[in-house]
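Report on the structure
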Amino acid sequence: MTELVLRPLADAFMQVGVYVAVMVAIFGWLRWRYGEKATDVFTRRRRLGPLAGALLGVSPGCGGAIVLMPLYARGKVSFGTVVAALTATMGDSSWVVLAWNPLFAAKLHALLFVVGLVTGYVVDALGIDPARAVQRRPAAVAPVAPAAVPVFAGLPDGPEKRRLFAKLTPRISASTTFWGVTTPAFAVSVPVLFQMIDVNVLTRAFGGVDPYLALGVLGTAIALSIFAAGRGRLADDSLETAHPQSMGATLRHSAHEASFVTVWVAAAYLGWQLVTTTTGFDGSQLALTGIVGVLVGAGIGLIPGCAVQIVFTGLYVGGGLPLPTLVANALSQDGDALIPLAALRRHSAALATVITTIPAAAVGAALLVLL
């Protein structure tokens, strides 16, 4: 029971979740601290657009790429900038490889950046931009969004205010609990995963309780509760969370995103453990090899959002996929950034996600020859 079920659940949190939480919090703090100052530079210099798009896209998670979508809708950046970001981004599945093997992740992200950069400049050089036809027509007046106000502002004491408070309290408590477990879990995970200390030594020090296993299972359980409270949404990334308004909002968003990744990684780890244990199937029997695997990986990348991509990347980490298939998927997938783009410019989103599959298939096929 422990090795079959509990160990994969613990590994999902201790090997991935805690590192995702820390890194998302750091990136969230940078977005909160500096806001759009970085984007102001390349909106004034449009030729640098694809370079900036690839840089923002290759950053872990979806926030960097999401920042560009409203800028494109307002005509501030080129379509090539958007394509560069979508090609370079690996979405939330980037956290999986970062936590698993940082050196491999750095090499993979360097490849994503180069391919995204080249693709973006090619798109701009060819003059591809489906939004141009829309811009030639008279633009409809967009409705003015109401100013943000405190949640409880203007509400008198009474049942309605108490219901709102009760609705928000579990989320705040869950976020606080998440970070309360993540802090000691991170302190245990680092020395264990980097083999600085034997987990058996820690177990004896804690009176026979394995802190790695206990904190890992608890962390995954908390992540699952946050994921369920969010009704299983694919992610919490949006135009608003790409620019958090406070450090508290940053920490809540970080807990949500880390929980989202942890749950899907746990599903991949647990499923893989059950399959390998009960059937003896170790991944070498998969048909996702050769050119078929590359095309399947690129095709799966067409699916919007990060959930399926996280599971797919988890299969690679577990030894179930070859590298060309992973690379094809990483280049093709657009993460959650495609969702706000589709809401803002539907035709542009459709064309962009098709374009990203072209370098994905080409680079994946090239790796088949080179490796």
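Just so we're clear, the structure is a prediction, and the values are computed from it rather than from any experiment.

What follows covers the overall build of the chain. Secondary structure assignment for the chain yields 18 helices and zero strands. A total of 371 residues make up the chain; the buried ones form 47% of that total. For the chain, long-range pairs separated by at least 24 residues make up 82% of all intrachain contacts whose partners lie at least 6 apart in sequence. When the accessible area of the chain is evaluated, it comes to approximately 17600 Å², of which 68% is carbon and sulfur surface.

This part covers the pattern of salt bridges. Within the structure shown, the criterion is met by one salt bridge. As a salt-bridge pair, Arg-7 and Asp-210 come within 3.8 Å of each other at their nearest N and O atoms. One end of the pair, Arg-7, is in helix H1 (residues 2–34); the other, Asp-210, is in the loop between helix H10 (199–205) and helix H11 (211–229), with 203 residues separating them in the sequence.

Take the packing of aromatic side chains next. With the rule as written, the count across this model stands at six aromatic pairs. Consider the rings of Tyr-72 and Phe-79, whose centres lie 5.8 Å apart with planes at 45°: the pair is tilted. As far as the burial class goes, Tyr-72 and Phe-79 line up, both buried. Measuring from centroid to centroid gives 5.6 Å for Phe-178 and Trp-179, while their planes differ by 90°, and the two rings are edge-to-face. Taken together through their ring pairs, the aromatic side chains of Phe-13, Phe-178 and Trp-179 make up a single cluster.

Taking 1.5 Å per residue, 24 residues should reach 34 Å; helix H7 (residues 102–125) reaches 34 Å between its end C-alpha atoms and fits that length. Those residues of H7 that fall on the buried side of the exposure criterion are Phe-104, Ala-105, Leu-108, His-109, Leu-112, Val-115, Gly-116, Thr-119, Gly-120 and Val-123. Just downstream of H7 lies Gly-127, where phi reads positive at about 75°.

Counting residues in hydrophobic clusters, the biggest one holds 86 residues, and the most contacted among them are Leu-86, Leu-108, Phe-178, Val-261, Val-265 and Leu-341. Val-261 has contacts with Val-16, Val-20, Asp-92, Trp-95, Val-96 and Ile-310, leaving out every residue within four places of it along the chain.

Among the structural elements, Val-265 can be located in helix H12 (residues 247–279). Looking at Val-265, the relative accessible area reads 1%, which means it is buried. It is 6.6 Å that separates the C-alpha atoms of Val-265 and Ile-310, two residues lying 45 residues apart in sequence. Apart from residues no more than four positions distant in its own chain, Val-265 is found in contact with Ala-12, Val-16, Val-96 and Ile-310.

Take the side chain of Thr-81 next. Along the chain, Thr-81 falls in helix H5 (residues 79–88). Accessibility expressed as a relative area gives 0% for Thr-81, which makes it buried. For Thr-81, the side chain forms a polar contact with the side chain of Ser-78, separated by 2.9 Å. Ignoring any residue separated from it by four or fewer positions in sequence, one finds Thr-81 in contact with Gly-49, Pro-50, Gly-53, Leu-68 and Asp-124.

By the secondary structure assignment, Leu-55 is in helix H3 (residues 49–58). A relative accessible area of 48% means that Leu-55 is categorised as partly exposed.

This paragraph deals with the packing of helix H13 (residues 290–300) against helix H18 (residues 357–370). At a minimum axis separation of 9 Å, H13 and H18 run at an interaxial angle of 155°. In terms of axis orientation, H13 runs roughly antiparallel to H18. In this structure, H13 meets H18 at a crossing whose hand is right-handed. For the pair formed by H13 and H18, the contact residues are Gly-290, Ile-291, Val-294, Leu-295 and Ala-298 on the first element and Thr-357, Ala-360, Ala-361, Gly-364, Ala-365 and Leu-368 on the second. Looking at the contact of H13 with H18 residue by residue, the class counts come to eight nonpolar, three polar and no charged.

Take the confidence of the model for the chain next. When the pLDDT values of the chain are averaged, the result is 78; 78% of them are 70 or greater. Across the chain, the secondary-structure element scoring lowest on mean pLDDT is helix H8 (residues 131–136), at 59, and the one scoring highest is H7, at 94. In this model, residues 137–155 is a region of pLDDT below 50 whose contacts with residues beyond four sequence positions or in other chains number nine contacts. Below a pLDDT of 50 lies the segment residues 164–172, which in the model reaches seven contacts outside its immediate sequence neighbourhood of four places, other chains included.

A few words on the side chain of Gln-333. Here Gln-333 shows up in the loop between helix H15 (323–332) and helix H16 (338–344). Polar side-chain contacts of Gln-333 include one of 3.2 Å to the side chain of Ser-93. Contacts of Gln-333, omitting those with residues within four sequence positions, involve Leu-86, Thr-89, Met-90, Gly-91, Ser-93, Gly-301 and Gln-309.

So, how was this worked out
Residues numbered from 1 in each chain as written. Predicted model: local features only at pLDDT ≥ 70, side-chain atom pairs only at ≥ 80, totals over all residues. Heavy atoms only, no water. Helix = DSSP H or I, 4+ residues; strand = E, 2+ residues; numbered from the N terminus. Buried < 20%, exposed > 50% of the residue type's maximum accessible area, 1.4 Å probe, protein only. Contact = heavy atoms within 4.5 Å. Areas by Shrake-Rupley, 256 points an atom, 1.4 Å probe, with all protein chains shown as cover. Salt bridge = Lys/Arg side-chain N within 4 Å of Asp/Glu carboxyl O. Phe/Tyr/Trp six-rings, centres within 6.5 Å; stacked < 30°, edge-to-face > 60°. Expected span 1.5 Å × (residues − 1). Core = buried A, V, L, I, M, F, W, Y, C linked by side-chain atoms within 4.5 Å. Polar contact = N/O pair within 3.5 Å; in protein donor to acceptor, adjacent residues only side chain to side chain. Axes fitted to C-alpha atoms, helices over the stretch in contact; angles between N-to-C directions. Parallel < 35°, antiparallel > 145°, perpendicular 65-115°, else oblique. Left-handed = near helix turned anticlockwise from the far one by under 90°. Nonpolar A, V, L, I, M, F, W, Y, C, P; charged D, E, K, R; others polar. pLDDT = per-residue confidence, 0-100.

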